[in-house]
Amino acid sequence: MEKQKITGSEALLKALIAEGVDTIFGYPGGQAIPIYDSLYDYRDQLRHVLVRHEQGATHAAQGYARVSGKVGVTLVTSGPGATNTITGIADALMDSTPMVVIAGQVPSPLLGTDAFQEVDVIGITQPITKWAYQIRKPEEIAWAVSRAFYIASTGRPGPVVLDLAKDAQVGFVDYEYKKVDYIRSYQPEPDINQDRIKAAAALINKAEKPFCLVGQGVLLGGAEEELKAFLLKNDIPAGSTVLGLSALPSDFPLNKGMLGMHGNVGPNRKTNECDVLIAIGMRFDDRVTGDLKTYAKQAKVIHFDIEMNHFCLFGISSQITGHTVVKTHPDSNQDITFIGVHIRSEITVHSQHTFVQRMLGRQSRQSQQRTSGGHICLFDESTQFLLCVAQFH
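No experiment lies behind these values; they were computed from the predicted model shown.

It is worth spelling out the packing of helix α1 (residues 8–18) against helix α7 (residues 141–153) at this point. Close contact between α1 and α7 brings their axes to 9 Å; oriented N to C, the two are set at 30°. By the criterion of interaxial angle, the relationship of α1 to α7 is roughly parallel. Considering how the two elements wind past one another, α1 and α7 form a crossing that is right-handed. Within the contact between the two elements, α1 uses Gly 8, Ala 11, Leu 12, Ala 15 and Leu 16 and α7 uses Ile 141, Val 145 and Phe 149. In terms of residue class, the contact of α1 with α7 is made up of seven nonpolar, one polar and no charged.

Below is the structure:
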């Protein structure tokens, strides 16, 4: 791409267009005015939806992302404009929604001086984002935007925050955009342990009363048809989390309804009657499990998920030692050591369970050329202690 000498605010808008953005949800303010001034010249390519509160902008961007399969974009100003987005950002992280929040910021020479409407946006949002970055130079804008969209849309989707200083918006830069498909320190596709895949398939094959828990991960992976084929072929009933309800039609013969305290009686009873519990793309939220002391004590568990933190179930604590995780059951002095696994779509599994090829590949709707993955949790056959497996980077 030929370089162009343009302002940082115009470089931002060109970068968004290069990422396929066509809609922005926002509310203007002093430290974002240069962006809004430039936005007028791109009104034929970028539609700006003016909200009445910045929190509404983040929720609107979430809804847009879920419906369109694209990354939602929010544009706000500094200080109260940025802090008003916190609820929506945290919600996007919890619900795995790809979103990029762009917040104006005071000029970089004023950072740390308690300037008017200055707030530490990065410090506030780091715990609730996949990545938060402050842009202080116009030369960083295209670089940061390309990484923001790659991180937000790959692996487990989630929010990214870009804190854009005002002097970076008005400064000039030789604009050149390069889309990113690799970041050295970011690995959305962990490695695979084929033995664990075979162990999961064998456990399902031997099950007499299996039950499947379906979460939003099935939808994010685009694996609805594979899920239905798996359930029908093996006659396995299933229940869904609230965000996983759309993974199965309501009239699907093996769909037993929603799980948890706000769900149906049937799936909750079956959870405590099954001998093998197959959890796909869900995190065992407390609204689903209730009291962990009485939850599915009779069952062996197979857990497919992309998020490492979702494997710290049933009060089990973990200690990282290299690429191995040591888990200790709270009711025992015995330590169980095992190595993390990840399942990719090209792995061949038992013929009865080919759904794993895509279910565990978790192919992203945002990029059909990329695959991300999941992990398996198994009970140890001899001790019945939960074995949570995870990949650490």
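Strand order in the open sheet made by the five strands is β11-β10-β9-β12-β13, with parallel pairing throughout. The two strands at the open ends of the sheet, each matched to only one other strand, are β11 (255–258) and β13 (300–304). When strand polarity is set aside, the average angle formed by the axes of neighbouring strands in this sheet is 20°. Helix-sheet contacts for helix α9 (residues 194–206) involve β12 (276–280) and β13, and the interaxial angle to β13 is about 135°.

For Ser 96, the location among the structural elements is in the loop between α5 (86–94) and β5 (99–105). Its relative accessible area of 8% is what places Ser 96 among the buried residues. At a separation of 2.7 Å, a polar atom in the side chain of Ser 96 contacts the side chain of Arg 156. In this structure Ser 96 touches Arg 156, Pro 157, Gln 216 and Leu 220, once residues within four positions along its chain are discounted.

Our next topic: helix α11 (residues 224–234). Buried residues of α11: Glu 224, Leu 227, Lys 228, Phe 230 and Leu 231, and no others. End-on view of α11: buried residues confined to an arc of 160°, all on one side of the axis. Residues of α11 that are exposed and point more than 90 degrees away from the buried face comprise Glu 225 and Lys 233. Looking one or two residues past α11, Asp 235 carries a phi angle of roughly 55°, positive in sign.

Further remarks concern the packing of aromatic side chains. Scanning the model with the defined rule gives seven aromatic pairs in all. Both rings, one in Phe 284 and one in Tyr 295, keep their centres 6.1 Å apart while their planes meet at 80°; by these two values the pair is edge-to-face. Residue Phe 284 is located in the loop between β12 and α13 (286–289), and its partner Tyr 295 is located in the loop between α13 and β13; the two are separated by 11 residues in the primary sequence. Exposure class is identical for Phe 284 and Tyr 295. Each is buried. One aromatic cluster is present, built from ring pairs that chain together Trp 131, Tyr 133 and Trp 143. Lying over the aromatic face of Tyr 40, Arg 43 brings its terminal NZ or CZ to 3.9 Å of the ring centre.

Let us now look at α5. Those residues of α5 lying buried are Gly 88, Ile 89 and Ala 92. Projected onto a plane normal to the axis of α5, the buried residues spread over an arc of 100° and lie on a single side. Those residues of α5 that are buried are in contact with α3 (54–68), β5, α6 (121–125) and β7 (159–165). Phi turns positive one or two residues past the end of α5, at Ser 96, with a value near 55°.

What follows concerns the nonpolar core. Core analysis: the biggest nonpolar cluster contains 39 residues, and Leu 12, Leu 16, Ile 24, Val 100, Val 145 and Phe 149 have the highest contact counts within it. Of all the elements in the fold, those that place two or more residues in this core are α1, α2 (33–39), β4 (72–76), β5, α7, β7 and β8 (172–175). With nine residues, α7 is the single largest residue contributor to this core. Ignoring sequence-local partners within four residues, the contact set of Ile 24 consists of Leu 16, Leu 39, Leu 46, Arg 47, His 48, Val 49, Val 73 and Leu 75. By size, the runner-up hydrophobic cluster in this structure holds 23 residues, among which are Ile 204, Ala 207, Leu 219 and Ile 302.

What follows deals with the sheet that holds β4. With parallel pairing, six strands are arranged side by side in an open sheet as β3-β2-β4-β5-β7-β6. Sheet topology places β3 (47–50) and β6 (131–135) at the edges, where each strand pairs with a single neighbour. Adjacent strand axes in the sheet meet at a mean angle of 20°, parallel and antiparallel pairs treated alike. For β5 and β7, the ladder comprises seven bridges, and the chain directions are parallel. By the bridge assignment, Gly 104 is partnered in β7 with Leu 164.

Quick notes on the rules
Starting from 1, residues in each chain are numbered consecutively following that chain's sequence as written. Given that this is a predicted model, residues contribute local features only at a pLDDT of at least 70 and side-chain atom pairs are listed and counted only at 80 or more, while totals for whole chains, interfaces and linings are drawn from all residues. Hydrogens are left out, water is left out, and the side-chain values use all remaining heavy atoms of the structure. Between N-to-C directions, angles cover 0 to 180 degrees, with each direction set by a line fitted to C-alpha atoms, over the stretch in contact for helices. Runs of E in the DSSP output that reach at least two residues are strands. Runs of H or I that reach at least four are helices, and both are numbered from the N terminus. Our angle categories are set so that under 35 degrees counts as roughly parallel, over 145 as roughly antiparallel, 65 to 115 as roughly perpendicular, and the remainder as oblique. Handedness of a crossing is defined here by the sense of rotation of the near helix relative to the far one, left-handed for an anticlockwise turn of less than a right angle and right-handed for a clockwise turn. Contacts are assigned to residue pairs with any non-hydrogen atoms lying within 4.5 Å of each other. Residue polarity follows a fixed list, in which Ala, Val, Leu, Ile, Met, Phe, Trp, Tyr, Cys and Pro are nonpolar, Asp, Glu, Lys and Arg are charged, and the others, Gly among them, are polar. At least two bridges found by DSSP between two strands are what make those strands a pair. Buried residues are those whose accessible area, probed at 1.4 Å on protein chains only, stays under 20% of the maximum for their type, while exposed residues exceed 50% and partly exposed ones sit between those limits. The term polar contact refers here to a pair of N or O atoms within 3.5 Å; inside protein, the definition further demands a hydrogen-donor-capable atom paired with an acceptor-capable atom, and it admits residues adjacent in sequence only when both atoms are side-chain atoms. In this context, the arc is that of the directions from the helix axis out to the C-beta atoms. Pairs were defined over the aromatic rings of Phe, Tyr and Trp, the Trp ring being its six-membered one, requiring ring centres within 6.5 Å. Orientation was assigned from the angle between planes: stacked under 30 degrees, edge-to-face over 60, tilted for the rest. By the criterion adopted, a ring carries a charge over it if an Arg CZ or a Lys NZ lies within 6 Å of its centre and within 35 degrees of its normal. Put simply, a nonpolar core is a bunch of buried Ala, Val, Leu, Ile, Met, Phe, Trp, Tyr and Cys residues held in one set by side-chain atoms that sit within 4.5 Å of each other.

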